[in-house]
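Tertiary structure, described
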Amino acid sequence: MTVAMSTPETPCPLPDLAHEDLFAPGPQRESFESHILPAYIPRCRWFAGKARDPQRFSVQDVIPVSPAPDAARLVLIDVEYADKSTETYLLPLQILRGPAARELAANQPNAVLAQSADGVLCDAIHDQAFRDALFTLMAGEVTRGGEHGSLTGQTGPALGLIKDTPASRALAVEQSNSSIVYGDQIFLKLYRRLEHGMNPDAEILRFLSGRHFASAPPFAGAIEHRSPRGECCVLALATGLVPHQSDAWSFTLGELKRWFENLLLGKTEAAGKIESESLARAAQLGTRTGEMHRALAEETTDPDFAAEPLTSADGKALAESIRASLRQVHELIGKKRTTLPPEIQELADQFVAHERALRQRTDSLGTAVNAIKTRTHGDYHLGQVLETGGDFVIIDFEGEPLRSLATRREKRSPLRDVAGMLRSFDYAAHAALEAHAEYRPTLSTYAEQWSAKAQLAFLDAWLVATEGAPFRSTVHAEEDHLLEAFLLEKALYEIVYEINNRPPWLPIPLRGVLRLLEND
Ligand SMILES: Nc1ncnc2c1ncn2[C@@H]1O[C@H](COP(=O)(O)OP(=O)(O)O)[C@@H](O)[C@H]1O
Ligand SMILES: O=P(O)(O)O[C@H]1O[C@H](CO)[C@@H](O[C@H]2O[C@H](CO)[C@@H](O)[C@H](O)[C@H]2O)[C@H](O)[C@H]1O
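Computed from a predicted model, the values in this text were never measured in an experiment.

Next up on the list: the domain arrangement of the chain. The extent of an interface is frequently quoted as the accessible surface area lost upon association of the parts. The domain boundaries assigned to the chain delineate domain 1 (12-240) and domain 2 (246-518). Contact with domain 1, which involves 20 residues of that partner, is made by 22 residues of domain 2. The junction of domain 1 with domain 2 conceals about 1,900 Å² of combined surface from both sides, 61% of it contributed by carbon and sulfur atoms. The largest contributions to the domain 1 side of the interface with domain 2 come from Ile-204, Phe-207 and Ser-215, which together make up 28% of the buried area. Taken together, the links from domain 1 to domain 2 amount to six salt bridges. Salt-bridge contacts for Arg-408 lead to Glu-195; the nearest nitrogen and oxygen are separated by 2.5 Å. Summed over the shared surface of domain 1 and domain 2, the number is nine residue pairs in polar contact (both at pLDDT 80 or more). Among the elements that make up the side of domain 1 that touches domain 2, the one with the highest residue count is helix α6 (residues 200-209) (seven residues). Of the residues contributing to the side of domain 1 that touches domain 2, the split by class is ten nonpolar, five polar and five charged.

So, in C-alpha cells, the structure goes:
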C-alpha cells in the first residue's frame, strides 16, 4: 500500500467531526482506515511489523471508556500483511480541541494522528480524563459495550484499598507497551499488540499475589476485551507501583563499570570490594528466584498452575525446539551474513562450522527427568528485575515475545528461568566490556571471570533456596543436562532476537553457544 506518510510535523488533516461520527462505520471510518492509520501506526515505537509489509489497517472494535459522549475510545485495529497474516493493536484515541489540543500538539507531536486548526486526534494516553476512566473501569469492575465486543474491568487487592482516583501521568519511555503511573501506588501497563487468550503476565501476577511471595508487584487490576465470539484478551494490567532505582540490568552494568574503572586505576582494594558486593547481589537474586519458583510450585487446584511431572515427551519437545532454532539460525545467518561486519561474519562462520556438533548434542537430549514442571517466569533476564535499593523485585511475566501465547503458557522446569538469568550475567559482562572497548586486552579476562563467578553465585544460591523442592531432581547429572539444554535453547533464541533487532549484539550469544561446546 502506498500512502503519503504523515510525520509529527505534518499530521493528516482532522475532519471537523464529533467522536461518534469519526469512528462510526461509513466514509469517515474508511478514510481513517486508509489514510490516518497507515500513516500513523508504522511510526509508533510499539508497532512490531515495521520490517514487514502492512497492506490493510481495519477497525475491529471501538469501545468508549465512559458514558460521556466525548469519552476516549479504545480502538482495536487489525493489521493485515502481504502474506495475509494479521496482528491486532490497541489504540486509545481522543479528540481534543482548543488549548488542550494545542498543548498536546506542542508537547507530544508523536502522539498526534490527525490535526485541524482547532483540534487533534491523538493517542489518549496523554489525556487525564482517559487515564481516570481506565482507573474507574478497573476499580468499579465496570463492563462497557462497544461496537462489537465489550470491556470489563477487574480489581485486585492493591487497587481495592484506594478510594479516589490518584493523579496520573503517562510514562515518556515507550517500549513495546505503554505505561501509566497513578499517584505513588499503581503502575498500569497498556498492551499495544494484542493476543487472544489468557495473558501470562496477568495470570501469573494474580496467582503470585495469593501466595507467600513478596518479590513481585501485587496484582491490582486488569481490563479485558471480549469479542462477540467470546475470545478474550487483556488490554491493560495494573500492579502495585514498585519504587526502584533502576532495573537489575542497568544496576549490574553500573557495578561492572565502577569495577572496571577501579581495576584500570590500579585500586585493587576498592575493586575487590565492588566485585564481592556484585557477587553477593547475584547470590541474592538467586535466592529471590528460588523463592519465586517455590511460590509458582505451591499446591493449587487451578489446572493452569498445578504442577505436573516432567516426561520424556517434554525432553523430546525441548530437543525439537532446539533443532527448529538451529534451522532458523542457519537460515537467518545465510540470509544476513553479508550485511554483518567482518568480525561478526567470522563468528557466524564458526557457528555454522559447529552446527553438526550442536545437532549431535541435541540428539542426545530427550530423556525423562524425575522432577515436576510448573509455570515459570518465561523470559527471565536482568532487565525483568527491579533493583529496589538493596533488594530485587521480579516483573514482566509475559514470556518471550518471539513465541506464541500457547508456548509461553506451557509448564516448564524452573531450570529454564535459571538458564535465562545465567545467560543474562554473561550478556552483562560482555556489554560492560564493550563500553570499555579500548581496554579490552586488559579487561576481557576480568569480564570472563566475573561472568563465570556471578553465574556460579546465582546458581549456588538458587540451589540452596530450592533444596528439596519437587521441581528439583535428586539426580545431579539430570539437572546439569537439562540446564545445559536450556542454556543452548536460550542462546539460540537470543541469536535470532539479535539478528532481527540488534545485530551489533550478535557476538554475545554466538560466543555463548560456542563456549557451551568448549565445555564438553
Ligand atoms: N510494578 C511496577 N512498578 C514500577 N515500575 C514498573 C513496574 N512494572 C514495570 N515498571 C517499569 O516499566 C519498565 C518496563 O516494564 P515491563 O513489565 O518489562 O514492560 P515491557 O513488557 O513493556 O518491557 C520497567 O523496567 C520498570 O521501569
Ligand atoms: O524484555 P523483553 O521481554 O522484550 O525481552 C526481549 O528483549 C531482551 C533485550 O531487551 C532480550 O534479552 C537479551 O538481552 C538482554 C540485554 O539487553 C540480556 O540481559 C538477556 O540475557 C538477553 O536474553 C530477551 O531475550 C528478549 O526476549
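The rest of the description comes next.
Glancing now at the pattern of salt bridges. Scanning all chains against the criterion turns up 44 salt bridges. In this structure, Arg-327 engages Glu-320 in a salt bridge whose closest nitrogen and oxygen atoms are separated by 3.2 Å. Under the relative-accessibility criterion, Arg-327 is labelled partly exposed at 49%. One salt bridge in this structure joins Asp-363 and Arg-323, with 3.2 Å as the shortest N-O distance. Of this pair, Asp-363 sits in helix α11 (residues 355-363) while Arg-323 sits in helix α9 (residues 312-336); the two residues are 40 residues apart in sequence, bridging distant segments of the chain. If you follow the salt bridges from partner to partner, you end up with Asp-379, Glu-400, Arg-403, Arg-412, Arg-416, Glu-489 and Lys-490 in one network.

Procedures and definitions
Residues numbered from 1 in each chain as written. Chains lettered and ligands numbered in written order. Predicted model: local features only at pLDDT ≥ 70, side-chain atom pairs only at ≥ 80, totals over all residues. Heavy atoms only, no water. Domains from an automatic or database assignment. Contact = heavy atoms within 4.5 Å. Buried area = accessible area lost by both parts, 1.4 Å probe. Salt bridge = Lys/Arg side-chain N within 4 Å of Asp/Glu carboxyl O. Polar contact = N/O pair within 3.5 Å; in protein donor to acceptor, adjacent residues only side chain to side chain. Helix = DSSP H or I, 4+ residues; strand = E, 2+ residues; numbered from the N terminus. Nonpolar A, V, L, I, M, F, W, Y, C, P; charged D, E, K, R; others polar. Buried < 20%, exposed > 50% of the residue type's maximum accessible area, 1.4 Å probe, protein only.

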